[in-house]
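Chains, contacts and geometry: an overview
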Amino acid sequence: LDQGWPSITFVNHTFEEITGYSRAEVIGRSTQILHGPQTAQAARELIAIAWRAVKPVRTELINYTKAGQAIWVEVDLVPIKDAGGELLYWVSIERNVTQRKQAEVALRNSEERLKRALEGSRLALWDVDLTSGKVYLSETWSELLGGPPVPTTTTITELSRNIPKEDQALIRQAMVGTLKGESDSYTVEHRLITNNGETIWIVSHGRITERDASGRATRVVGINRDITERKSREAEINQLAYYDILTGLPNRRLLMDRLAQSLAGAKRTQLTGALLFVDLDR
């Protein structure tokens, strides 16, 4: 040891490629040359642990190349002992994992940005394994359902309990074409019963992301958004457009709309229809 740092007695060609140091530059010097001020403490703690335990140790840390570039390495410290069990020297096997660590950081940053975006948009994510029937929910589902936090892992059966039966049929109908492969996604608006007994409206966008070798859908992922306020405004607009403000009774516009639908249905099915008009004064 050189002031707590091991001395280098051998390096291979790959070491030279990774660090930029030649054999002549490092043989006889301490491993401290591979560590900057930010990583020296972690490296010395690793060495101390390995020295006390005298058994293989694996970790990841940052080394610095001759040019001063920081690289991530996965390190295996392996003790080499003589026949009597006495420690002779250590072999350090290092792999450059910089690209993997950069990918992990990028993924964490991406996940964090996605999480913040979802929190801001109040979108609830869900992921359904159609093979097992398990459903994975984002934390925003707890906000949608209200009451105590809901488990992030549940089943289709459990989740369906919060959806009125007639709306369950609506969802199945919307999914049929997607499950058959006629389209990649579907969108449906339906009601949701919260844990507090309140009825809210949500829009559900689902997309098939995995199919088996036969083409059968095995995984669906999607998002839900609360549209209760929008549905309330639509109901108010519909009320103003089709019902008399004073009496609340259907007005002439609603009559003409329903009459047009009936005439179109009669024409399509080649059936006849009758209109009965009864005046209020008989």
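So, here is what we can say about the structure in this document. (Residues numbered from 1 in each chain as written. Predicted model: local features only at pLDDT ≥ 70, side-chain atom pairs only at ≥ 80, totals over all residues. Heavy atoms only, no water.)

**Brief notes about the pattern of salt bridges**
Tallied over the full model, the rule gives 21 salt bridges. Close ionic contact of arginine 95 with aspartate 76 constitutes a salt bridge, the shortest N to O distance being 2.4 Å. Taken as a pair, arginine 95 in strand S3 (residues 87-96) and aspartate 76 in strand S2 (residues 70-81) lie far apart in primary sequence, 19 residues in all. Where arginine 191 meets aspartate 167, a salt bridge forms, and the shortest distance between an N and an O atom there is 2.8 Å. Note that arginine 191 is positioned in strand S7 (residues 185-193) and aspartate 167 in helix H7 (residues 165-179), a separation of 24 residues in sequence. Judged by relative accessible area, aspartate 167 falls into the buried class, the value being 6%. A single network of salt bridges, built from pairs that share partners, joins Arg58, Glu74, Asp76 and Arg95. (Salt bridge = Lys/Arg side-chain N within 4 Å of Asp/Glu carboxyl O. Helix = DSSP H or I, 4+ residues; strand = E, 2+ residues; numbered from the N terminus. Buried < 20%, exposed > 50% of the residue type's maximum accessible area, 1.4 Å probe, protein only.)

**Examining the sheet that holds strand S1 (residues 57-64)**
With antiparallel pairing, the three strands of this open sheet are ordered in space as S1-S2-S3. Whereas interior strands pair on both sides, the edge strands pair on one side only; in this sheet they are S1 and S3. When the angles between neighbouring strand axes are averaged without regard to direction, this sheet yields 35°. As defined by bridge partners, S2 adjoins S3 across nine bridges and the pair is classed as antiparallel. Looking across to S3, one finds that valine 75 is bridged to glutamate 94. (Pairing = 2+ DSSP bridges. Axes fitted to C-alpha atoms, helices over the stretch in contact; angles between N-to-C directions.)

**With respect to the packing of aromatic side chains**
Within this structure, the stated rule accounts for zero aromatic pairs. Over the ring of tryptophan 72 we find lysine 101, and its NZ or CZ is 4.4 Å from the ring centre. For lysine 231, the ring lying beneath its charged end belongs to tryptophan 201, and the centroid distance is 4.3 Å. (Phe/Tyr/Trp six-rings, centres within 6.5 Å; stacked < 30°, edge-to-face > 60°. Lys NZ or Arg CZ within 6 Å of the ring centre and 35° of its normal.)

**Digging into the nonpolar core**
By size, the foremost hydrophobic cluster in this structure holds 20 residues, and its most contacted members are Trp126, Leu137, Trp141, Tyr186 and Leu192. Among the secondary structure elements, those contributing two or more residues to this core are strand S4 (124-129), strand S5 (134-137), helix H5 (140-145), H7, S7, strand S8 (199-211) and strand S9 (217-226). If near-sequence neighbours (up to four positions away) are discounted, leucine 137 is found in contact with Leu125, Trp126, Pro151, Thr152, Thr154 and Leu159. Core analysis: the second largest hydrophobic core is formed by nine residues, Leu61, Ile71, Val75 and Leu77 among them. (Core = buried A, V, L, I, M, F, W, Y, C linked by side-chain atoms within 4.5 Å. Contact = heavy atoms within 4.5 Å.)

**Here's the deal with the environment of threonine 155**
Structurally, threonine 155 is set in strand S6 (residues 153-155). Of the residues examined, threonine 155 reaches a relative accessible area of 33% and is grouped as partly exposed. Each C-alpha atom, one on threonine 155 and one on serine 132, is 8.7 Å from the other, the two residues being 23 residues apart in sequence. Aside from chain neighbours lying at most four places away, what touches threonine 155 is Gly133, Lys134 and Val135. A distance of 3.1 Å separates a polar atom in the side chain of threonine 155 from the backbone nitrogen of glutamate 158. (Polar contact = N/O pair within 3.5 Å; in protein donor to acceptor, adjacent residues only side chain to side chain.)

**Description of unusual backbone geometry**
Phi is positive for glutamine 270, close to 55°, though the residue is something other than glycine. Looking at the secondary structure, you find glutamine 270 in the segment after helix H9 (252-269).

**Focus: a nonpolar patch on the surface**
A cluster of nonpolar side chains, namely Leu88, Tyr89, Val91 and Ile93, defines an oily patch on the protein surface of about 350 Å² accessible area. Mapped onto the fold, tyrosine 89 is located in strand S3. Residue classification places tyrosine 89 among the partly exposed positions, given a relative accessible area of 45%. (Patch = residues over 30% accessible without salt bridge, like charges linked within 9 Å, V, L, I, M, F, W, Y side chains within 5 Å. Areas by Shrake-Rupley, 256 points an atom, 1.4 Å probe, with all protein chains shown as cover.)

**Details of the pairing of S4**
The pairing of S4 with S9 spans six bridges and is antiparallel. Paired with alanine 124 across the two strands is asparagine 224, which belongs to S9. With four bridges connecting them, S4 and S5 associate as antiparallel partners. Counterpart to aspartate 129 in the pairing with S5 is lysine 134. Adjacent in sequence and paired antiparallel, S4 and S5 are bridged by four residues, among which glycine 133 carries a positive phi angle near 80°.

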